[in-house]
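# Coordinate inspection notes
Given next are the chains, with one letter for each unit.
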Amino acid sequence: IRAPRDARPQFESPRVGLMAILKVAKLGNPVIRKPTEAVPKETIGSPELQRLIADMIDTMHEYEGVGLAAPQVHVSKQLAVIEAKEPVHGDKPIPLTVLINPRILGMGKAVDADWEGCLSVNDLRGQVPRAAWVDVETFNRKGERIKIHAEGFFARVIQHECDHLAGKVFLDRMQDLSTLTHLKEMARFRHGE
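Residues numbered from 1 in each chain as written. Predicted model: local features only at pLDDT ≥ 70, side-chain atom pairs only at ≥ 80, totals over all residues. Heavy atoms only, no water.

## Description of the overall build of the protein
Spelled out, the test is: In this description a helix means any DSSP run of H or I spanning at least four residues, a strand means any run of E spanning at least two, and both kinds are numbered starting from the N terminus. For the exposure calls, accessible area comes from a 1.4 Å probe over protein chains only, and a residue counts as buried if that area is under 20% of its type's maximum, exposed if over 50%, partly exposed in between. Where accessible areas are quoted, they stem from the Shrake-Rupley method and a 1.4 Å probe; at the residue level, only the protein chains shown are allowed to cover.
Counting its secondary structure elements, the protein contains five helices and ten strands. Of all 193 residues assigned to the protein, the portion counted as buried reaches 46%. Of the accessible surface of the protein, which amounts to about 10,400 Å², a share of 54% is contributed by carbon and sulfur atoms.

## Details of the nonpolar core
Definition in use: As used here, the term nonpolar core means buried Ala, Val, Leu, Ile, Met, Phe, Trp, Tyr and Cys residues forming a set that is joined through side-chain atoms within 4.5 Å. Contacts are assigned to residue pairs with any non-hydrogen atoms lying within 4.5 Å of each other.
Judged by nonpolar contacts, the single largest core of 19 residues is most densely connected at Leu49, Leu52, Ile53, Met56, Leu79, Val81 and Ile100. Elements represented by at least two residues in this core include exactly helix 2 (47-62), strand 4 (79-84) and strand 5 (94-107). It is helix 2 that provides the largest number of residues to this core, a total of six residues. The residues contacting isoleucine 53, other than those within four sequence positions of it, are Leu79, Val81, Val98, Ile100 and Arg141. Among the nonpolar cores identified, the runner-up in size contains 17 residues, and Ala80, Ile94, Val134 and Val157 belong to it.

## Let's talk about the pairing of strand 7 (residues 121-131)
Note the cut-off: In this scheme, strands are said to pair when DSSP sees at least two bridges between them.
Across seven bridges, strand 6 (residues 111-118) lies against strand 7 in antiparallel orientation. Counterpart to glutamate 116 in the pairing with strand 7 is glycine 126. Bridge count between strand 7 and strand 10 (residues 181-182): two bridges; the pairing is antiparallel. Across the sheet, residue leucine 124 finds its bridge partner in strand 10, namely histidine 182.

## So, the pairing of strand 8 (residues 133-139)
Most of strand 8 is tucked away: five of the seven residues are buried. As paired elements, strand 5 and strand 8 share five bridges and run antiparallel to each other. Residue pairing for strand 8: arginine 103 is matched across the bridge by glutamate 137. The pairing of strand 8 with strand 9 (residues 145-151) spans seven bridges and is antiparallel. Within the sheet, the bridge partner assigned to phenylalanine 139 lies in strand 9 and is arginine 145.

See the structure below:
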């Protein structure tokens with residue numbers, strides 16, 4: 001459930017006019033574990049859904065995330081936004097990508113383990129195995145059905161966000177909980193500080 005529009009804080013931005021930073025649901029809130037509902041195709045172009053997409057992008061940027069799923073902002077819909085303006089782990093930057101009703105069509109058998117975190121699980125990181133590539137069919141922000149082939153970090157983020165849409169978090173995918181670490185301690189002990 002989303003707060004009424006007038007109850008959400010508004011900020012001026014020359015980039016998008018009015019924007020809203022949405023409250024992020026934390027692990028323990030039932031919305032995080034609830035499988036989401038499909039977005040009706042006919043509503044994709046609606047002002048309400050387009051505003052939600054814009055607000056999710058602004059929220060992702062505000063909290064320095066590279067992905068955000070609708071359940072994380074208290075909306076149980078199959079919607080996620082992804083963007084990485086800078087390269088991560090040597091991969092290319094990820095362009096702004098909106099996933100509406102995404103469906104993973106295929107994934108590589110090769111699995112890579114790497115660090116993941118989540119805006120709904122504050123300040124924790126863990127090693128998560130993920131397929132090295134994925135093929136996804138989704139609607140984009142314009143309501144067009146598209147296919148995306150993603151590799152490396154982009155594939156990881158897509159899998160992470162699709163997990164949110166199924167009511168899962170990265171902790172559910174961890175094979176070795178001994179890698180779970182607080183971000184501050186990770187910086188001190190794993191990066192030579």
